[in-house]
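Take a look at the letters that make up each chain.
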Amino acid sequence: MPWCETCDRFYNPNTLNADGTCPTCGRHVSEPTAVAEADEVATPWHFKVLLVAVVGYLGWRLIEGIIWVAEKL
């Protein structure tokens, strides 16, 4: 974990500047890290499963609602 002596603070590598310098004082703290492009980050599998479950649940509730309204008419 990068430590800045001047600021007396630990930094997360993602919070450092792209060249590995401290965002507050500009002192070199760590080697530059490669920042991933937003297009390259994959969606976690469990998010996809959750999304399918939510769509399935809401679809079923919509069908039940339509049946309920049709019975009341």
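Starting from 1, residues in each chain are numbered consecutively following that chain's sequence as written. Where local features are concerned, this predicted model is filtered to residues with pLDDT of at least 70; where side-chain atom pairs are given and counted, the filter is 80 or more; whole-chain, interface and lining totals use all residues. In computing side-chain values, all of the structure's heavy atoms are included and hydrogens and water are not.

Next up on the list: the overall build of the chain. Numbering of helices and strands runs from the N terminus, with a helix taken as a DSSP run of H or I at least four residues long and a strand as a DSSP run of E at least two residues long. Each helix and strand in the chain was counted, giving 1 helix and 2 strands. Mapped in sequence order, the helices and strands of the chain form the string β-β-α. For the radius of gyration, the atom set is restricted to C-alpha positions; the globular benchmark scales as 2.2 Å times the number of residues to the power 0.38. At 25 Å, the chain has a C-alpha radius of gyration far larger than the 11 Å of a compact globule built from 73 residues. With a 1.4 Å probe rolled over the protein chains alone, any residue whose accessible area is under 20% of its type maximum counts as buried; one over 50% counts as exposed, and the rest are partly exposed. Here the chain holds 73 residues, and the buried ones make up 12% of them. Only heavy atoms enter the contact rule, under which two residues are in contact if any of them lie within 4.5 Å. Long-range contacts, defined as pairs at least 24 residues apart, comprise 10% of the intrachain contacts of the chain with a sequence gap of at least 6.

With respect to the secondary-structure elements, Thr 21 resides in the loop between strand 2 (9–10) and helix 1 (45–72). Using a relative accessible area of 11% as the deciding quantity, one classes Thr 21 as buried. Definition of a polar contact: a pair of N or O atoms within 3.5 Å, with one able to donate and the other able to accept a hydrogen when the atoms are protein atoms, and with sequence-neighbouring residues admitted only if both atoms are side-chain atoms. One polar contact links Thr 21 to Asn 17, side chain to side chain, over a distance of 3.0 Å. A polar side-chain atom of Thr 21 sits 2.8 Å from a polar atom in the side chain of Asp 19.

Moving on, we come to the pattern of salt bridges. One speaks of a salt bridge when a side-chain nitrogen belonging to Lys or Arg is within 4 Å of a carboxyl oxygen belonging to Asp or Glu. Across all of its chains, the model carries 1 salt bridge by this definition. With its nearest N and O atoms 3.0 Å apart, the salt bridge here joins Glu 64 to Arg 61. Here Glu 64 and its partner Arg 61 are both found in helix 1, 3 residues apart, which amounts to about one turn of the helix. When its relative accessible area of 31% is taken as the criterion, Glu 64 is described as partly exposed.

On the surface, a cluster of nonpolar side chains totalling about 700 Å² of accessible area is made up of Phe 47, Leu 50, Leu 51, Val 54, Val 55, Tyr 57 and Leu 58. In this fold, Val 54 is placed in helix 1. Patches here are clusters of residues that have more than 30% relative accessible area and form no salt bridge, with a 9 Å joining cutoff for like charges and a 5 Å cutoff for nonpolar side chains (Val, Leu, Ile, Met, Phe, Trp, Tyr). Note on areas: Shrake-Rupley with a 1.4 Å probe; residue coverage comes only from the protein chains shown.

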